[in-house]
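Below are the chains, spelled out letter by letter.
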Amino acid sequence: MNELGDERLKTRTGEFSFDRENGIVRFDVDEGAVQTLADAKENIAANKRFSRGRPYPVLCDLTRCKATDLDARNYYASEEATQAYRAMALLGGRPIARMIGNIFLTVYGNRAKPVRLFTEEREAIQWLRGFAD
């Protein structure tokens, strides 16, 4: 496994870190973040830099996210963006986070990369471990 170390990478709307034990990249969205197309592009580019160009399973914690606009959702589902990860677990505990996740899955769920919505972090991690090296 390509160990990414303990470094973190901050973007305008969140922070990337590596869960070494489970072999997954985490993206924790900031409290109250509203993600735009520019943010989505920054986040995907940051994920590629953070993972050194290698796609990993990603846990995207939306529990504190306020909104993700349509252009950002479209970009996150694009071929360019999906090349940045093997599988993605969307973690949404609050109703707004679950709504964002459900909209994404409804519109983009039948794409080439597996994406699932979870309300429990341990279940999301367990699912992602199936996609880790």
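Up top is the structure these notes are about.
Residues numbered from 1 in each chain as written. Predicted model: local features only at pLDDT ≥ 70, side-chain atom pairs only at ≥ 80, totals over all residues. Heavy atoms only, no water.

With respect to the overall build of the chain
Moving on, step 1. On a plain count of helices and strands, the chain comes out with 5 helices and 8 strands.
Moving on, step 2. Along the chain direction, N to C, the helices and strands of the chain fall in the order β-β-β-β-α-β-β-α-α-β-α-β-α. (Helix = DSSP H or I, 4+ residues; strand = E, 2+ residues; numbered from the N terminus.)

Notes on the nonpolar core
Moving on, step 1. Ranked by internal contacts, the top residues of the largest apolar core, which has 18 residues, are Val25, Val29, Cys60 and Met88.
Moving on, step 2. Of all the secondary structure elements, the ones that give two or more residues to this core are strand E2 (14–19), strand E3 (24–29), helix H1 (37–50), strand E5 (56–61) and strand E7 (85–91).
Moving on, step 3. When sequence neighbours within four positions are dropped, the list of residues in contact with Met88 reads Val58, Cys60, Pro114, Val115, Arg116, Trp127 and Leu128.
Moving on, step 4. Core analysis: the next-biggest nonpolar cluster, separate from the first, contains 10 residues, Leu59, Ala89, Ile125 and Leu128 among them. (Core = buried A, V, L, I, M, F, W, Y, C linked by side-chain atoms within 4.5 Å. Buried < 20%, exposed > 50% of the residue type's maximum accessible area, 1.4 Å probe, protein only. Contact = heavy atoms within 4.5 Å.)

Comments concerning H1
Moving on, step 1. Taking 1.5 Å as the rise per residue, H1 with 14 residues should run 20 Å; its terminal C-alpha atoms sit 20 Å apart, in good agreement.
Moving on, step 2. All of the buried residues in H1 are Asp39, Ala40, Asn43, Ile44, Ala46, Asn47 and Phe50. Viewed end-on, H1 has its buried residues packed into an arc of 160°, placing them on one side of the element. Residues of H1 that are exposed and angled more than 90 degrees away from the buried face: Ala38 and Arg49.
Moving on, step 3. Directly beyond the C-terminal end of H1, a positive phi value near 55° is found at Arg52. (Expected span 1.5 Å × (residues − 1). Arc of directions from axis to C-beta.)

Some remarks on the pairing of E7
Moving on, step 1. Counting buried positions along E7 gives 6 out of 7 residues, so the element sits mostly inside the fold.
Moving on, step 2. The sheet contact formed by E5 and E7 spans 5 bridges and is parallel. Across the sheet, Tyr56 pairs through a bridge with Tyr85, a residue of E7.
Moving on, step 3. Direction of pairing for E7 relative to strand E8 (residues 115–118): parallel, over a ladder of 4 bridges. For Ala89, the partnering residue across the bridge sits in E8 and is Arg116. (Pairing = 2+ DSSP bridges.)

Brief notes about the sheet that holds strand E1 (residues 9–10)
Moving on, step 1. The strand order across the open sheet built from 6 strands is E1-E2-E3-E5-E7-E8, with neighbouring strands paired in mixed fashion. Only two strands of the sheet have a single partner each, and these edge strands are E1 and E8.
Moving on, step 2. Pairing of E2 with E3 involves 6 bridges; the strand directions are antiparallel. Directly across from Gly14, in E3, lies its bridge partner Val29.
Moving on, step 3. Along the sheet face, H1 touches E1, E2, E3 and E5 and points at about 30° away from the line of E2.
Moving on, step 4. Of the strands in this sheet, E2, E3, E5, E7 and E8 are in contact with helix H5 (residues 121–129), which crosses E7 at around 170°. (Axes fitted to C-alpha atoms, helices over the stretch in contact; angles between N-to-C directions.)

Thoughts on the pattern of salt bridges
Two side chains of opposite charge can pair, provided their charged atoms sit close to one another.
Moving on, step 1. Taken as a whole, this structure holds 9 salt bridges when the rule is applied.
Moving on, step 2. Glu15 is the partner of Arg8 in a salt bridge, and the nearest nitrogen-oxygen pair spans 3.2 Å.
Moving on, step 3. The exposure class of Glu15 is partly exposed, given its relative accessible area of 26%.
Moving on, step 4. Arg26 is paired through a salt bridge with Asp61; the nearest N and O atoms lie 3.9 Å apart. Of this pair, Arg26 sits in strand E3 while Asp61 sits in strand E5; the two residues are 35 residues apart in sequence, bridging distant segments of the chain. The residues Arg26 and Asp61 share a single accessibility class, namely buried.
Moving on, step 5. Counted as one network, the salt bridges with shared partners bring together Arg26, Asp28, Asp61 and Glu121. (Salt bridge = Lys/Arg side-chain N within 4 Å of Asp/Glu carboxyl O.)

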